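What follows is the residue order along each chain.
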Amino acid sequence: MPSPGNVKANYANMGLVCLIAYILGIGISPYVFPVDIFVGYLPFLTYAEKASTDSLTSASAPKSATETVSVEPTKKITIDSSSKYVDSYKRIVGHGDDPFHGVDIVIHRNGEPDPCARQLFSKDDDGKSLSAASKAFLKAADQIHEGNKPLDHYDKYDLDAMLTHAFVSESSILENKGSNCGPTWTVKNHYLDSHASNLSSDMIKFCDMGIDRTPLQPDHDQMVRVPVAQSLPCHFHTREGVRITSLEQLANFARDAKVPNGECAPDDRISDGTCGSTHTAETGRRELHLYAVQAGRVFIFAPKYVGEIFELPHVRVPGDLPVWLEVLSLQPRVFDIFNFFNREESEKIVDKALKETSETHRMKRSSTGASGYNVNSQRTSENGFDTHGTEAQAVKHRCMNVLGFDTYTESFTDGLQVLRYNKTTAYIPHLDWIDDHHKKEEHNFDSAGVGSNRFATILLYMTDLKEGDGGETVFTHGWPPGQPESERVEFGDALAALRASGDVEGLLAHGSWEEKMVARCRSRLAVRPHSSRAVLFYSQNPDGSADNMSLHGGCPVINGEKWAANLWVWNAPRGGFPHAPVNEEVVERNRAAGKSQDNLQKKASFTNLGSNPDMRFAELFFQDTFWGKLGFGDQPLHVNTYEGHQWNVKVNGQTVKTFVIDKEMVQRYEV
């Protein structure tokens, strides 16, 4: 039995242990020690555990409505801590302040220069508590993933859902809950009609166009649904096309938000005509303009007037020159792109095209149509394709960047088509959008529905042609920039003037389609080629329907030779690639008749013989997409592919051998 002395000693030891535990507990509590700084640095924590940590540092705080954070050394503001994510939100937006204070968010529908909704004015936005925008974002975060995903683990899909929810929910920060941003098309039998009680805003049906009008993009399954109606979210871009992919990025754009035009002195305006971010309007408010793009759709620039400038500092080019767009036409949407590519790149693209020997890619008489090689008497140019040359790939990546894609996806682009127009050669006006109205093709070209089609074209000119030399690209529904309506020349008058000039006498037949083309080129919107000039135009409207105003043609060359290239960019994967949309009925009908695309599919195998030391660590790529190891001792790689597909063997990231699939059903390649 222990002695009384030992009992007292044990009690003393226990008391000391309890005291130490108490002191440690106080020290590491969220009210004394900032535990939340470790959130995001502990990879072994699960979402639920991190959410719990966030709640410890905010929701479980003492029953005080506010807590104090520093904005600048001499100023303190109070912040509403009703959300468990306040602390992580502050870390992400940074700088110790709320960047949305004094900033009104202004929403545009995709492709529309005029806004459809503005942020409601909030009396709470006084700089002493969280801004209305921040509160709305945090409230949305509490509902996305049932509030179990920390903000510092958000990806762009989570952010899309957060922003959409903040704009369309019952607690929307927008006037009329964003309902003025509803669909611009007729909505029939939308699946969301059964959720009518949850539809607080018509903007929900703008963002989610419905099952029959939402193309399924490769990342469709990664989208996060909006809690308010379990609908698909919009994604959001700046006026210049930059996609908003993180809260930190959005906060930086808010800090750079500008005072509305006309609310500062002319001497205070910057190069684009706006007041800039350092001036304050009479209202004390600045504006952050966001362009809402429907789920499954692609960003389209929203020009307001001819001559408008869009600066694109996010687009990098050789020499780090500034890149910008200048609006040439509103209908159709046509833009000059300045400093997009240089003479050295154009010379290398032409040189590679002339040296190409493969049947599917070499220079030959241009063809037309959705499938196959079909010569058209009204397209007399020559063309070839450069799918994976160094310069072609650089230009293709640049094109996607200009067009508002935050990632490059090969299946959204054709190869770079290189064109040569000799004297008198031309191309009759046409649409780049492929018409399959009767659905004869297996690929679904109905881009207004769930199909994919060409939505934008970037033209690259590689030679200089003077006025009168011809070779322009003419948009037959457009008019010359800045031309007064009273000075417009109708076709009949233009043709008569051409004949009176004698410029094409003896060169083009009287009454020929080529002669008529020259008349159109001299009276309508015509883009004259000069080396390193680039032009963008759209073939689709923002809702995916064909833009018939984009009808265009290649004017006959009267003097000299014209070299050009173009890149067609699609609104979703094109035919022959994974995730490409198909007409199921046509597929079944062709399969039953033995004519299915399955019969056009080729089987190819790639084998490393182990005899070339340079191929010891070879890898196989489909174009630029890694496919598998093809080094010494690796198993042969077997693929299903199509004629014209290009497979590259790379060593240390450099392409050392290229194979282009031909017509044979079974093909074997060795390295």
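Residues numbered from 1 in each chain as written. Predicted model: local features only at pLDDT ≥ 70, side-chain atom pairs only at ≥ 80, totals over all residues. Heavy atoms only, no water.

Draft legend 1. Spotlight on the sheet that holds strand β4 (residues 117-118). Spatial strand order, β4-β3-β6-β5: four strands in an open sheet with mixed pairing. Edge positions in the sheet fall to β4 and β5 (235-237), since each of these pairs with one other strand and no more. Where strand β3 (residues 103-109) lies against strand β6 (residues 286-293), seven bridges are found, and the strand directions are parallel. Each residue of the ladder has a partner; that of V106, found in β6, is H289. The sheet strands contacting helix α5 (residues 156-168) are β3, β5 and β6, and the helix crosses β5 at an angle near 90 degrees. Of the strands in this sheet, β3 and β6 are in contact with helix α7 (residues 247-255), which crosses β6 at around 135 degrees. (Pairing = 2+ DSSP bridges. Helix = DSSP H or I, 4+ residues; strand = E, 2+ residues; numbered from the N terminus. Contact = heavy atoms within 4.5 Å. Axes fitted to C-alpha atoms, helices over the stretch in contact; angles between N-to-C directions.)

Draft legend 2. Quick peek at the environment of D662. Mapped onto the elements, D662 comes out in the loop between β27 (654-660) and β28 (666-670). For D662, a relative accessible area of 36% translates into the label partly exposed. Separated by 16 residues in the primary sequence, D662 and Q646 place their C-alpha atoms 9.9 Å from one another. With residues near it in sequence (within four places) discarded, D662 still touches K602, E643, Q667 and Y669. (Buried < 20%, exposed > 50% of the residue type's maximum accessible area, 1.4 Å probe, protein only.)

Draft legend 3. Up close: the sheet that holds strand β25 (residues 637-641). As summarised here, the arrangement of the three strands in space is β25-β22-β28, forming an open sheet in which the pairing is mixed. In this open sheet, the two strands that pair with only one neighbour each are β25 and β28. For this sheet, the mean inter-axis angle between neighbouring strands, taken without regard to orientation, is 20 degrees. Two strands pair when backbone bridges link them, and strand β22 (residues 602-607) and β28 are joined in this way by five bridges, in the parallel orientation. Looking across to β28, one finds that T607 is bridged to E670.

Draft legend 4. View of unusual backbone geometry. P332 follows Q331 through a cis peptide bond whose omega is 0 degrees. With respect to the helices, strands and loops of the structure, P332 is situated in the loop between β8 (324-329) and β9 (334-338). Positioned with a positive phi, H145 is a non-glycine residue whose angle comes to about 55 degrees. Mapped onto the fold, H145 is located in the loop between α4 (132-141) and α5.

Draft legend 5. Expanded view of the environment of V224. Relative to the elements of secondary structure, V224 occurs in the loop between α6 (203-207) and β5. In this structure the C-alpha to C-alpha distance between V224 and A161, which are 63 residues apart in sequence, comes to 5.9 Å. Residues within four places of V224 in sequence aside, it is in contact with I144, H145, Y157, D158, A161 and P233.

Draft legend 6. Expanded view of helix α3 (residues 86-93). Across the eight residues that make up α3, a large majority, six, are buried. For α3, every residue scored as buried is listed here: V86, D87, S88, Y89, I92 and V93. With its phi angle positive at about 75 degrees, G94 sits one or two positions after the end of α3.

Draft legend 7. Representation of the confidence of the model for the chain within the structure. Confidence in the prediction for the chain averages 82 pLDDT; 78% of positions are at 70 or higher. Averaged pLDDT values over the elements of the chain bottom out at 29 in strand β1 (residues 66-72) and peak at 98 in β5. Within the model, the stretch residues 28-81 combines pLDDT values under 50 with 92 contacts to residues more than four positions away or in other chains. The low-confidence segment residues 277-282 (pLDDT under 50) makes 13 contacts with residues lying over four places distant or belonging to another chain. (pLDDT = per-residue confidence, 0-100.)

Draft legend 8. Representation of the packing of α3 against α7. At their nearest, the axes of α3 and α7 sit 8 Å apart, and the two run at 60 degrees to each other. Regarding the angle of α3 to α7, the classification is oblique. As for the relative orientation of α3 and α7, their crossing is right-handed in sense. Of the residues in α7, those in contact with Y89, I92 and V93 of α3 are L247, E248, A251 and R255. Split into classes, the residues belonging to the contact of α3 with α7 amount to five nonpolar, no polar and two charged. (Parallel < 35°, antiparallel > 145°, perpendicular 65-115°, else oblique. Left-handed = near helix turned anticlockwise from the far one by under 90°. Nonpolar A, V, L, I, M, F, W, Y, C, P; charged D, E, K, R; others polar.)

Draft legend 9. Molecular detail of the packing of aromatic side chains. What the rule picks out here adds up to 21 aromatic pairs. Residues W324 and F338 carry aromatic rings whose centres are separated by 4.8 Å and whose planes lie at 10 degrees to one another, so their mutual orientation is stacked. Of the two residues, W324 sits in strand β8 while F338 sits in strand β9, which places them 14 residues apart along the sequence. Taken together, a centroid distance of 5.1 Å and an interplanar angle of 75 degrees make the contact between F475 and F537 edge-to-face. Of this pair, F475 sits in strand β17 (residues 473-475) while F537 sits in strand β19 (residues 533-538), and the two are 62 residues apart along the sequence. According to the relative accessible area criterion, F475 is buried, its value standing at 0%. An aromatic cluster is present here, built from F299, F301, F310, F335, F405, F412, F455 and Y538 joined pairwise through their rings. Above the face of the Y421 ring, K562 is positioned so that its terminal group lies 4.5 Å from the ring centre. (Phe/Tyr/Trp six-rings, centres within 6.5 Å; stacked < 30°, edge-to-face > 60°. Lys NZ or Arg CZ within 6 Å of the ring centre and 35° of its normal.)

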